[in-house]
Amino acid sequence: MTTWPEKNQHALQQHLTTIAREAPGHWSFAVREAGQVIAQVEAHRVTTPASTIKVAVLLMVLQDVAEDQLTLEQVLEVPEERVGGSGVLVHLPSVQRLTVAEVAEMMIVVSDNEATNMLIRLLGLDRIAQFLARWGMHDTQIQRTLMDTHLPGRNATTAADQALLLDALCADLLPPHLRTLALDMLLRQQFNSRMPARLGPDVLCRHKTGEIIGIRHDVGVLDFDDRMISFAALGSDLQDVIDDDGPGPVDDIVARAAATVVATARGSAN
C-alpha cells in the first residue's frame, strides 16, 4: 500500500494538471507508487519516446540475464558503421568489443544510440514486442533501431507505460541484485537539467531523459523517505520554445513537476 492520503493525491492531480495546461506544447504526466496510479495527466497520449525507450531496453536485457539467456560478461562486436545523435561510440572507432554490461552502461549513462542499437539487435524486435506485451506496455512499440528513420515501423510510448515499467522495476520485475544494478545506472545518468534540477540532496533521482526535435522527456524513480515513486514527464510539440543552447524553461517544466511530486508526497505542497 502507498502512503497517499486522498487529499494529497487530489492535490497532486490538480498541480500537475495546472503545470501541463500552462506550459507550451503538449505534456503528459504519470505518477505511480507501489503498484498504484497516483496521478495522470494525458498519460495515455502516444508520442515518440526518444531516448526514454532505453529504460525498457535495459530492463529487457537484465531480464534475459535473470533468465540465463544472456550474461553481463558476454562480449559484443561494435559495428564499424555507427549512428550518431547522442553518445560516444561514434567518436571511438578503436573500440571494437564491449561486454553487455558495458554496452548497457553506455546506453543509459551517456545515452549512446549505437549502444542501444546493439542491444536492440541482440534482443530482436520480435522478442522486444513480447517483453512489452508481457509487461502490459500496450501503447509502447520498438519497431526499429534508433536514428534509422529509413526503416519501416515506429517507436512509440506513453507516460502511463513509462511509469508502469519503472514502478515494476521498483517491485519484483528483476531479482534484487539486477534491480540494484538498473537503479544505479539510472542514478549515474549525466543529463540532469530536468527532473533532478529542483530536488534537494535528500532525494535520489534515478532517471533517463529523451530529446529530439520538439521533444523533451524525462522518466525515472524519485527515491526519498524510504519511498520510491515512479514519475514520467513527456513533452512534445515544443519546436518553437526550445533553447538549443542549453537548459531552459522547457527543462524547468519537468523540474517543477518532479519537485511538486516530492512536496505533495510529503504533504508540504499547497
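Residues numbered from 1 in each chain as written. Predicted model: local features only at pLDDT ≥ 70, side-chain atom pairs only at ≥ 80, totals over all residues. Heavy atoms only, no water.

Enquirer: Describe the packing of helix α3 (residues 100-109) against helix α4 (residues 113-123), with residues and values.
Expert: Close contact between α3 and α4 brings their axes to 8 Å; oriented N to C, the two are set at 130 degrees. With respect to each other, α3 and α4 are oriented oblique. Between α3 and α4 lies a crossing of left-handed hand. Here V100, V103, A104, M106 and M107 of α3 lie close against α4, whose contacting residues are A115, T116, M118, L119 and L122. Residues of the contact of α3 with α4, tallied by class, amount to nine nonpolar, one polar and no charged. (Axes fitted to C-alpha atoms, helices over the stretch in contact; angles between N-to-C directions. Helix = DSSP H or I, 4+ residues; strand = E, 2+ residues; numbered from the N terminus. Parallel < 35°, antiparallel > 145°, perpendicular 65-115°, else oblique. Left-handed = near helix turned anticlockwise from the far one by under 90°. Contact = heavy atoms within 4.5 Å. Nonpolar A, V, L, I, M, F, W, Y, C, P; charged D, E, K, R; others polar.)

Enquirer: Which residues make up the sheet that holds strand β2 (residues 36-41), and what values go with them?
Expert: Spatially, the five strands line up as an open sheet ordered β2-β1-β9-β8-β7, and their pairing is antiparallel. The sheet is open, and its two edges are formed by β2 and β7 (204-212), each paired on a single side. The sheet shows a mean angle of 10 degrees between the axes of neighbouring strands, taken without regard to direction. As defined by bridge partners, strand β8 (residues 215-224) adjoins strand β9 (residues 227-236) across nine bridges and the pair is classed as antiparallel. Within the sheet, the bridge partner assigned to G220 lies in β9 and is F231. (Pairing = 2+ DSSP bridges.)

Enquirer: Requested: an account of helix α6 (residues 159-170), with residues and values cited.
Expert: Between its first and last C-alpha atoms α6 spans 17 Å; for 12 residues at 1.5 Å apiece the expected length is 16 Å, and the two agree. Where burial is concerned, most of α6 is hidden: 10 out of the 12 residues are buried. Three or more residues of α6 are buried, namely A159, A160, D161, Q162, A163, L165, L166, D167, L169 and C170. (Expected span 1.5 Å × (residues − 1). Buried < 20%, exposed > 50% of the residue type's maximum accessible area, 1.4 Å probe, protein only.)

Enquirer: Describe the environment of V219, naming the residues involved and giving the relevant values.
Expert: In this structure, V219 sits in strand β8. Distance in space between the C-alpha atoms of V219 and T209 is 6.4 Å, their sequence separation being 10 residues.

Enquirer: Give a description of the packing of aromatic side chains that names residues and reports values.
Expert: Summed over all chains, the structure comprises three aromatic pairs. Between W27 and F29, the ring centres sit 6.1 Å apart and the planes meet at 20 degrees, which makes this aromatic pair stacked. Looking at W27, the relative accessible area reads 3%, which means it is buried. Ring centres of F131 and W135 lie 5.5 Å apart, and the angle between their planes is 45 degrees; this geometry places the pair in the tilted category. (Phe/Tyr/Trp six-rings, centres within 6.5 Å; stacked < 30°, edge-to-face > 60°.)

Enquirer: Quick rundown of the pairing of β8? Include the residues and the values.
Expert: By the criterion of burial, β8 is predominantly enclosed, with 10 of the 10 residues buried. Residue alternation in β8 divides its side chains into two sets, I215, H217, V219, V221 and D223 and R216, D218, G220, L222 and F224, and both sets are buried. By the bridge criterion, nine bridges tie β7 to β8 in an arrangement that is antiparallel. Bridge pairing links R206 to V221 in β8.

Enquirer: Quick one: what's the story with α4, residue by residue and with numbers?
Expert: Judged by how many residues are buried, α4 sits mostly within the fold: nine of 11 residues are covered. Within α4 the residues assigned to the buried category are N113, E114, A115, T116, N117, M118, L119, I120 and L123. Lining the buried residues of α4 we find α2 (53-66), β3 (75-77), α3, α5 (125-134) and β5 (141-142). For α4, the capping residue at the N-terminal end is D112, with a side-chain oxygen 3.0 Å from the backbone nitrogen of E114. Positive phi appears at G124, one or two residues downstream of α4, with a value of about 90 degrees. (Polar contact = N/O pair within 3.5 Å; in protein donor to acceptor, adjacent residues only side chain to side chain.)

Just distances and angles here, no functional claims.
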